[in-house]
Amino acid sequence: MSERLSTGIPEFDRLVGGGIPRSFLVAVTGEPGTGKTVFSIHFIAEGIKEGDRCIYVTTEESRDSIIQQSAQFGIDFRRAVEGGRLIIVDALMGLEDPWSLKSLEIDELLNKVIEAKKTLGYGRARLVIDSLSAFWLDKPAMARRYSYTVKKVLTKWDFTVLAVSQYAITTSDAFGFGVEHIADGIIRFRRFVRGGVLRRYLLVEKMRQTPHSLVMQEVTVLDGRGLTLLGSAKQRREDVAVPSKVSEKVIKAAEEREKEMPP
Ligand SMILES: Nc1ncnc2c1ncn2[C@@H]1O[C@H](COP(=O)(O)OP(=O)(O)OP(=O)(O)O)[C@@H](O)[C@H]1O
Ligand SMILES: [Mg+2]
């Protein structure tokens, strides 16, 4: 069996046969605020723990924002950066430091990632691109070709990649259709408001070479802990339990029917 990388969330690993196969490119997609970045942070934190070379490219948040978000889950990215185990490539702030991107061009991204890998050294590596869809914002038709290029170039460098892509809320179309076909796996995050409460879910929609779970899981983000699986959506009690008023009506209707039935 192929080697699998733990995501740092054991309950999630169990959904995908123990983890993400080495050298896969997995699309992490979903609406805003559903947990894509938090999930990616866990993946990198686990990499640091296991001694992998780790790179986190951030396009929507600053490097500091990612460090602060991680710290809220007890993950020390600052120390990992200082210790040469993690490079956070900032593509938002337009800073002058060596690990910033000046533009959202796919070639610049790939060059920077390879440079970062050479700096970190030889060996198994993890890469998060959060988000990859930012690189084709103004040219969505390029999504497929860019995803293909990223995959083709980076697998040579021993990367296992999470490629975050946004979901267009208005059309509910994946932003720049394309990455999902190229990707070896798709982890789809969702959100619904039920009973006036925001609920978040994840579903493994694809994972090549893996007998993966087909059941949507409810998830939440906990302070001090991070992304937490709450169990399969279909088994959640509130989904199967009938509200008492409804069950009363059902019983009454059954009684009525009985009365009407001929002996
Ligand atoms: N310390 C914390 N405690 C509890 N919940 C938190 C904490 N930090 C973040 N969250 C939750 O996580 C959410 C952000 O999740 P995340 O950044 O992973 O979303 P995302 O899918 O990456 O969204 P986007 O596409 O906008 O980047 C917040 O809206 C909040 O609900
Ligand atoms: Mg995010």
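Rules used throughout
- Residues numbered from 1 in each chain as written.
- Chains lettered and ligands numbered in written order.
- Predicted model: local features only at pLDDT ≥ 70, side-chain atom pairs only at ≥ 80, totals over all residues.
- Helix = DSSP H or I, 4+ residues; strand = E, 2+ residues; numbered from the N terminus.
- Buried ≥ 20, exposed ≤ 12 C-beta atoms within 10 Å, placed from the backbone.
- Contact = placed C-beta atoms within 7 Å.
- Near = placed C-beta within 6 Å.
- Nonpolar A, V, L, I, M, F, W, Y, C, P; charged D, E, K, R; others polar.
- Expected span 1.5 Å × (residues − 1).
- Arc of directions from axis to C-beta.

Student: Explain the overall build of the chain residue by residue, including any values.
Tutor: Helices and strands together make up the secondary structure of the chain, namely nine helices and 12 strands. Residue burial in the chain is summarised as follows: out of 263 residues, 41% are buried. Considering only intrachain contacts with a sequence separation of at least 6, the fraction spanning at least 24 residues in the chain is 64%.

Student: I'd love a proper account of the pairing of strand β3 (residues 25–30), names of residues and values included.
Tutor: For β3, a buried count of six out of six residues is recorded, marking the element as mostly surrounded by other parts of the structure. In β3, alternate side chains face the same way, and those of Leu-25, Ala-27 and Thr-29 on one face and Val-26, Val-28 and Gly-30 on the other are all buried.

Student: Break down the site of ligand 1 for me, with residues and values.
Tutor: The environment of ligand 1 is made up of 16 residues, and the closest members are Pro-32, Lys-36, Thr-37, Val-38 and Asp-223. Listed by contribution, the elements that provide at least two residues to the shell around ligand 1 are α2 (36–50) and β11 (217–222). Classifying every residue of the shell around ligand 1 gives five nonpolar, eight polar and three charged.

Student: Summarise helix α6 (residues 143–155); cite the residues concerned and give the values.
Tutor: The end-to-end C-alpha separation of α6 is 18 Å, in line with the 18 Å expected for 13 residues at 1.5 Å each. Of the positions making up α6, those classed as buried are Ala-143, Tyr-146, Ser-147, Val-150 and Leu-154. Projected down its long axis, α6 carries its buried residues within an arc of 100°, all on one side.

Student: Which residues make up unusual backbone geometry, and what are the values?
Tutor: Going from Asp-130 to Ser-131, the amide bond is cis rather than trans, its omega being 10°. Assignment of secondary structure puts Ser-131 in the loop between β6 (125–130) and α6. Not every positive phi belongs to a glycine, and Asp-158 is a case in point at roughly 65°. Note on placement: Asp-158 falls in the loop between α6 and β7 (159–168). C-beta crowding within 10 Å serves as the criterion here: with 16 such atoms nearby, Asp-158 is assigned to the partly exposed category. Positive phi, close to 60°, is recorded for Gln-209, a residue that is not glycine. Within the element layout of this structure, Gln-209 appears in the loop between β10 (197–207) and β11.

Student: So what's going on with helix α3 (residues 63–71)? Residues and values would help.
Tutor: Listed in full, the buried residues belonging to α3 are Arg-63, Ile-66, Ile-67 and Ser-70. All buried residues of α3 project into a common sector of 100° when viewed along the axis, lining one side. Next to the buried residues of α3 lie α2, β4 (53–58), α4 (77–82) and β5 (86–90).

By themselves, these are just geometric observations and shouldn't be taken as functional.
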